[in-house]
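Spelled out, the chains give:
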Amino acid sequence: MVNGSPSERSKTMGLAGLVSDRLGDLLPIELHRIDVYRLGHGFTGATAREDVPSEVEHEIRLVEEADVVVAATPVFRASYSGMFKHFFDFVDQYGLANKLVILVATGGSDRHALVIEHALRPLFGFFQAAVAPVGFYANAGDFDGTLVLNGEVYSRVEVGLNDIVPQLKALADTEL
């Protein structure tokens, strides 16, 4: 999971955690979480992949080698966060090709819900990723702090993940 929130306690991490936890309930998974805000000045100051510190290079490789990526970002000015985009700027152009990517976003209101369609899908389309047909969005009113309270959000996550479980199981079977 790549958490593009610039802060430790975030609604984005709350929703991404809900999606990842439910995915773990449905399938045996090994989860690795990357919080871009923790990657430090060596990450934020880098302008090319060869400039990032070795620990950041390791995190990028983990994303490129993952079977599934949960990509989560808060909405900032109608798009993904700058640190989220900066992380994916270092991912190899073909590093996510045919990889299942689950899109997660949070914003202040439902006016930002289309960020999944207008910003995130095109970004991962560039990588030729196999983006899940359903993305997950929640607004600030759906939370108490970082905890998702809205039952409709839980229902959307449940239905959306159940729709892609057959694809995930097929992916796991081909790796045996």
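A brief structural summary.

What counts, and where the lines are drawn
- Residues numbered from 1 in each chain as written.
- Predicted model: local features only at pLDDT ≥ 70, side-chain atom pairs only at ≥ 80, totals over all residues.
- Heavy atoms only, no water.
- Phe/Tyr/Trp six-rings, centres within 6.5 Å; stacked < 30°, edge-to-face > 60°.
- Helix = DSSP H or I, 4+ residues; strand = E, 2+ residues; numbered from the N terminus.
- Buried < 20%, exposed > 50% of the residue type's maximum accessible area, 1.4 Å probe, protein only.
- Core = buried A, V, L, I, M, F, W, Y, C linked by side-chain atoms within 4.5 Å.
- Contact = heavy atoms within 4.5 Å.

## Observations regarding the packing of aromatic side chains
Right, so step 1: Inspection of every chain in the model, using the stated rule, returns ten aromatic pairs.
Right, so step 2: Both rings, one in Phe43 and one in Phe87, keep their centres 6.4 Å apart while their planes meet at 55 degrees; by these two values the pair is tilted. One end of the pair, Phe43, is in helix α2 (residues 41-44); the other, Phe87, is in helix α4 (residues 82-89), with 44 residues separating them in the sequence.
Right, so step 3: Relative accessible area serves as the criterion here: at 0%, Phe43 is assigned to the buried category.
Right, so step 4: With a centroid separation of 5.0 Å and 55 degrees between ring planes, the pair formed by Phe84 and Phe88 is classed as tilted. Taken together, the residues span about one helical turn, with Phe84 and Phe88 both in helix α4 at a distance of four residues. With respect to class, Phe84 is no different from Phe88; both count as buried.
Right, so step 5: Members of the aromatic cluster, joined through ring pairs, are Phe43, Tyr80, Phe84, Phe87, Phe88, Phe90, Phe124, Phe126 and Phe127.

## Here's the deal with the nonpolar core
Right, so step 1: In this structure, Val2, Phe84, Phe87, Phe88, Leu96 and Phe124 are the most contacted members of the largest nonpolar core, which totals 32 residues.
Right, so step 2: Those elements that provide at least two residues to this core are α3 (54-65), β3 (68-74), α4, β4 (100-107) and α5 (115-126).
Right, so step 3: Per-element tally for this core: the top contributor is α5, with six residues.
Right, so step 4: Once you skip the residues sitting within four places of it in the chain, Leu96 turns out to touch Val63, Val69, Phe88, Val91, Phe124, Phe127, Gln128 and Ala129.
Right, so step 5: Ranked by size, the runner-up nonpolar core spans 24 residues in total, among them Met1, Leu18, Phe143 and Ile164.

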